[in-house]
Amino acid sequence: MAATLPLGRRLVGLVASTWRLGIVAAVLVLIPSSLLLFDELRESLLGWPAGRIGLLIALTAAAATAGAAIGRVLEGLRREVFTDVLTGLYNRRFMDAQLDLLDAKAGRYGRNFSVVAFDLDGLKRVNDAYGHEVGDLVICTFAAILRGALRRSDVAIRTGGDEFIAILPETPSADLNVVFERVRSRLAEARARDPRLGVTVSAGAAGWTSGRAVSHLVREADRMLYEAKRYGRDRLEVEPASA
């Protein structure tokens, strides 16, 4: 039954258990030996032959186990908050936090970064022909392609539907076409293996410049994405350097 409880309630329960455990440990460790008049009976009941030392070791191990369990719950909460359920990529909430962090680093240390907005061309046609289950397969396939095409320092995000964002630290606009072609060619290979994955990808990109708000950076990447759609799809449009 515990496994079916919401994560918040499980976390509260674990914290309460650990708090009670800490009180018990403090009492048993801090009470002077002269006051432990029933030590033999206590050891017999607990089954620990080493008296207070054994008790302390056992409580320490139990506390470590409880701490690990809390850590697992917190990690689960973090995944729920920052991860897209369908694809396992990060979500928009994480994107906002990451962009704020990169913006601060760029302003302080001059470490530029770029944002690339992706959109799948033809997903509605796939949904109409094969159903939303295959549509979800297309989305998950592209998510895996995007993740695999990026560096470990880059961040792949699904912002919703068939829309994705890649955040590329210390990547100038001039290098973005290489990244896009890697993604585009891998999607073409997946499409050749499974004709149901009948989509292409369009993208728009913008780079950080001093004084530019990150919200404007994302909007500019979206604007360039619309330009890629307008000019024929299955292509990348990058914000002009003078913009």
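Let us look at the structure shown here. Small disclaimer: the values here were computed from a predicted structure and weren't measured.

## Some details on the sheet that holds strand 5 (residues 236–238)
Strand order in the open sheet formed by 5 strands is 2-3-1-4-5, with mixed pairing between adjacent strands. Of all the strands in the sheet, the pair left with one neighbour each is strand 2 (155–160) and strand 5. Adjacent strand axes in the sheet meet at a mean angle of 20°, parallel and antiparallel pairs treated alike. With 3 bridges joining them, strand 4 (residues 200–207) and strand 5 adopt parallel strand pairing. Residue pairing for strand 5: glycine 204 is matched across the bridge by glutamate 237. Helix 7 (residues 176–193) rests against strand 1 (113–121), strand 3 (163–169), strand 4 and strand 5 of the sheet, and its axis sits at about 165° to strand 4.

## Observations regarding the packing of aromatic side chains
On inspection of all chains with the given rule, the structure shows 5 aromatic pairs. Here the aromatic cluster, defined as three or more aromatic residues joined through ring pairs, consists of Phe82, Tyr90 and Phe94. We note arginine 230 situated over the ring of tyrosine 231; from NZ or CZ to the ring centre the distance is 4.7 Å.

## A closer look at the packing of helix 5 (residues 123–130) against helix 6 (residues 132–149)
Where helix 5 contacts helix 6, the axes come no closer than 7 Å and their chain directions differ by 145°. On helix 6, the residues that touch Leu123, Val126, Asn127 and Tyr130 of helix 5 are His132, Val134, Gly135, Val138 and Ile139. For the contact of helix 5 with helix 6, the residue count by class is 6 nonpolar, 3 polar and no charged.

## Let's talk about the packing of helix 6 against helix 7
As a packed pair, helix 6 and helix 7 sit with axes 9 Å apart at the nearest point and diverge in direction by 140°. One way to sum up the angle between helix 6 and helix 7 is to call them oblique. The two elements helix 6 and helix 7 meet at a crossing, and its hand is right-handed. In this structure, helix 6 uses Thr141, Phe142, Ile145, Leu146, Gly148 and Ala149 to contact helix 7, whose residues at the interface are Arg182, Val183, Arg186, Leu187 and Ala190. Per-class residue counts for the contact of helix 6 with helix 7 are 7 nonpolar, 2 polar and 2 charged.

## Here's the deal with the pattern of salt bridges
Within the structure shown, the criterion is met by 13 salt bridges. Salt-bridge contacts for lysine 124 lead to aspartate 128; the nearest nitrogen and oxygen are separated by 2.9 Å. With a gap of 4 residues between them, lysine 124 and aspartate 128 both fall in helix 5, about one helical turn apart. The same class applies to lysine 124 as to aspartate 128, namely exposed. A salt bridge links arginine 151 to aspartate 154; the shortest N-O distance between them is 2.6 Å.

## Remarks on the nonpolar core
Judged by nonpolar contacts, the single largest core of 31 residues is most densely connected at Val116, Phe118, Phe142, Leu146 and Phe164. Looking at this core, the elements with two or more residues in it are strand 1, helix 5, helix 6, strand 3, helix 7 and strand 4. If one sorts the elements of this core by residue count, helix 6 sits on top with 8 residues. Among residues more than four places away in sequence, those in contact with phenylalanine 118 are Phe142, Leu146, Asp162, Glu163, Phe164, Ala166, Phe180, Val183, Val201, Ser202, Ala203 and Leu225. Core analysis: the next-biggest nonpolar cluster, separate from the first, contains 19 residues, Phe94, Leu102, Val115 and Ile157 among them.

Reading the values: rules and limits
Residues numbered from 1 in each chain as written. Predicted model: local features only at pLDDT ≥ 70, side-chain atom pairs only at ≥ 80, totals over all residues. Heavy atoms only, no water. Pairing = 2+ DSSP bridges. Helix = DSSP H or I, 4+ residues; strand = E, 2+ residues; numbered from the N terminus. Axes fitted to C-alpha atoms, helices over the stretch in contact; angles between N-to-C directions. Contact = heavy atoms within 4.5 Å. Phe/Tyr/Trp six-rings, centres within 6.5 Å; stacked < 30°, edge-to-face > 60°. Lys NZ or Arg CZ within 6 Å of the ring centre and 35° of its normal. Nonpolar A, V, L, I, M, F, W, Y, C, P; charged D, E, K, R; others polar. Parallel < 35°, antiparallel > 145°, perpendicular 65-115°, else oblique. Left-handed = near helix turned anticlockwise from the far one by under 90°. Salt bridge = Lys/Arg side-chain N within 4 Å of Asp/Glu carboxyl O. Buried < 20%, exposed > 50% of the residue type's maximum accessible area, 1.4 Å probe, protein only. Core = buried A, V, L, I, M, F, W, Y, C linked by side-chain atoms within 4.5 Å.

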